[in-house]
Amino acid sequence: MNKPGLFKFLIFLIISLGILLSVYQFLYNRSLWNDEATLSLNIIHKSPAKLLKPLDLAQVAPLLFLEIEHFTFYFISGTEYGLRLFPLLSFIASIFFLYQILKIAFKNRSTHIFALSLFVFNSVLLYYSSEVKQYMSDVLVANMLYYCLIKTYKRDFNRYVTLAIVGAVSIFLSNISIIILFTFGLYLIFDSYKKKAWHPGITYVFLTWSITFGIYYFSFILNHPTRDYMVGYWSREQAFLPLNPLSRSFYLFLFAKSQMIFYFLFGYGNLGKIFFPLLFLTGIFNLYSRKAFGSIMLITLPIMVHLALSGLKMYPFDKRLILYLYPIFIITIAFGFDFCRVKLAGIVKPKVLAKLAPVVVVIPIYFCSFVYFNSFPMVHTEIKQSINFIKSRLEDNQRVYVYYDLVPAFTYYNQTRFMNLKNPLTYGFYDPDRNNYINQLKLLKGKNWLLLSYEGTDAEKFIISTLDKLKYKKIESYTFGGASAYLYDFGNQ
């Protein structure tokens, strides 16, 4: 196989593997966790009209995303597969949009292979490709908008009509769309200034975006009842940038978030923390040396705007909420990779370089290996396994106690086809003093199944060790994937 043929085959293989891995993650159908379940309960119980109003259980999601989720849920017989379908399709579509962007930005296929591998084999993206939340559609919107901006059109008019329509729809589909559109607005102004020409289509685009966002903001965002709760929650998660640039906390925040991006978001271990930041900076330098200031704007402005919004406590800067920035980081790193490739080509003899070409095969293999080492398929809190264990042993005279963090998921599964328990249920409630969890359990009588979670906390360990110290009889236990089931006899006292 010749070199162009090898590269084409590798690109086809990478895209195909990305689709297969995401479909496998989708078909695995892991359990819904707390946040997914609370949103899912809104989606399945509310009509399309009621989804236009503030959601229950302190949930927030873009309106068009909710309507699509509602449709796909009932379109696929009211199953979790219906809830997960749109995130899956968003991931697959994002691959193709990213590939089109790479073909426009880079001529070298080695760079295409490198960048595509970073995206397709990213465990975080593969996980969110089946998450019943809006974060993968955020990625789709970002990729789609960037492609619509940089693609070649036969007529400028077609470009601006496309941007106006796609941008307006994106406002209803993704909360982060306004960050991208604001960036595009500044870029179009800069590009027009550089060309010393203002196309009337730009005015049409600005008006369309502004009117659409105004309608969306004043109808669905302004004075939203969950704002105070969300600000409090994300403040505790340290997701808001301290506004004082002279303070130590300002720089500690930026350092922590850079570590989060290159370690958590990339998901490639220590390589991400060391190698990718260097390539990112090299990519910026590459663009600067070429005086590609418009490209630098498109890369850096979304990051800076999002940080500014977090400082104003309008949109948190944290993990899944910045997932849409991942393709932007990939493209910047690809510019760094391409710069290094060109420099290497200038040093190494052409014959030697030609012999090294097949080494590019190692790139997708290396990044794909991280999918395996990150315990693919990924799960969060696998409550269904523990529920099945309880169901297989549950007797008529037994009760079920559900730990507060599992209540939304348990409620979802108890109201759908997965189970329909008739036994008495006791729902735990959150208390900052975990000793009160024991006080809740002391009120139980007779034999009770305890459905607990140990994901990210030692609460379960504390509860079980305390119950054992209090001499309550443990009859059975089962643990799997972040959730556990215990049968205890609390007696009649």
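Owing to the predicted nature of the structure, the values given are computational and were not obtained by experimental measurement.

Calculation criteria
- Residues numbered from 1 in each chain as written.
- Predicted model: local features only at pLDDT ≥ 70, side-chain atom pairs only at ≥ 80, totals over all residues.
- Heavy atoms only, no water.
- Helix = DSSP H or I, 4+ residues; strand = E, 2+ residues; numbered from the N terminus.
- Polar contact = N/O pair within 3.5 Å; in protein donor to acceptor, adjacent residues only side chain to side chain.
- Contact = heavy atoms within 4.5 Å.
- Pairing = 2+ DSSP bridges.
- Salt bridge = Lys/Arg side-chain N within 4 Å of Asp/Glu carboxyl O.
- Phe/Tyr/Trp six-rings, centres within 6.5 Å; stacked < 30°, edge-to-face > 60°.
- Buried < 20%, exposed > 50% of the residue type's maximum accessible area, 1.4 Å probe, protein only.
- Lys NZ or Arg CZ within 6 Å of the ring centre and 35° of its normal.
- Axes fitted to C-alpha atoms, helices over the stretch in contact; angles between N-to-C directions.
- pLDDT = per-residue confidence, 0-100.
- Core = buried A, V, L, I, M, F, W, Y, C linked by side-chain atoms within 4.5 Å.

Here Thr226 shows up in the loop between α10 (200–221) and α11 (227–236). A distance of 2.8 Å separates polar atoms of two side chains, one belonging to Thr226 and the other to His224. Look past the residues within four positions of Thr226 in its chain and what remains in contact with it is Ala58, Gln59 and Val60.

A few words now on the pairing of strand β4 (residues 473–480). In this sheet, strand β5 (residues 483–489) lies alongside β4 in antiparallel orientation, the contact comprising 7 bridges. By the bridge assignment, Phe480 is partnered in β5 with Ala483. Between the antiparallel neighbours β4 and β5 lie 2 residues, among them Gly481 with a positive phi of about 55°.

Moving on, we come to the pattern of salt bridges. With the rule as written, the count across this model stands at 14 salt bridges. Of the charged contacts in the structure, one is a salt bridge between Glu476 and Arg393, with a shortest N-O distance of 2.9 Å. One end of the pair, Glu476, is in strand β4; the other, Arg393, is in helix α18 (residues 383–393), with 83 residues separating them in the sequence. Salt bridges here are not isolated pairs; linked through shared partners, they connect Arg30, Glu36, Glu80, Arg84, Glu131 and Lys384.

Moving on: the packing of aromatic side chains. Each aromatic ring pair is described using two quantities: the centre-to-centre distance and the angle formed by the ring planes. Applying the stated criterion to the full structure yields 44 aromatic pairs. A centroid spacing of 5.9 Å and a plane angle of 80° characterise the contact between Phe389 and Trp449, whose relative ring orientation is edge-to-face. Linking Phe389 in helix α18 with Trp449 in strand β3 (residues 447–453), this pair joins segments that are 60 residues apart in sequence. Across this residue pair, the class does not change: Phe389 and Trp449 are buried. Within the aromatic cluster, the residues linked to one another by ring pairs are Phe91, Phe119, Phe262, Phe266, Tyr268, Phe275, Phe276, Phe280, Tyr326 and Phe329. It is Lys151 that lies over the ring of Tyr153; its NZ or CZ is 4.2 Å from the centre.

Even without a glycine there, the phi angle at Asn29 is positive, about 55°. With phi around 60°, Leu57 is a residue other than glycine that occupies positive phi space. The residue Leu57 is located in the loop between α2 (34–45) and α3 (63–75) in this model.

Across the sheet, which stays open at both edges, the 5 strands sit in the order β2-β1-β3-β5-β4 with mixed pairing between neighbours. Both outer strands of the open sheet, β2 (425–427) and β4, are each paired with one neighbouring strand and no more. Averaged over all neighbouring strand pairs, the angle between strand axes comes to 15°, with direction disregarded. Where helix α21 (residues 459–469) meets the sheet, it contacts β3, β4 and β5, and its direction lies at approximately 15° from that of β5.

So, about the environment of Ile15. Following the sequence through the fold, Ile15 ends up in helix α1 (residues 3–28). Separated by 18 residues in sequence, Ile15 and Trp33 place their C-alpha atoms 29 Å apart. Setting aside residues up to four positions removed in sequence, Ile15 forms contacts with Ile95, Phe96, Tyr99 and Leu116.

The subject of this paragraph is the confidence of the model for the protein chain. Summary statistics for the protein chain give a mean pLDDT of 91 and a share of 96% for residues scoring 70 or more. Taken element by element, the predicted model of the protein chain shows its lowest mean pLDDT in helix α16 (residues 350–356) (61) and its highest in helix α7 (residues 135–150) (98).

Counting residues in each nonpolar core, the largest one holds 141 residues, and the members touching the most others are Phe119 and Phe276. Looking at this core, the element that brings in the most residues is α7, giving 11 residues. For Phe119, the residues in contact, after removing those within four places along its chain, are Phe91, Ser94, Ile95, Leu98, Leu125, Val139, Asn143, Tyr326, Pro327 and Ile330. Among the nonpolar cores identified, the runner-up in size contains 17 residues, and Tyr403, Ile438, Ile464 and Leu467 belong to it.

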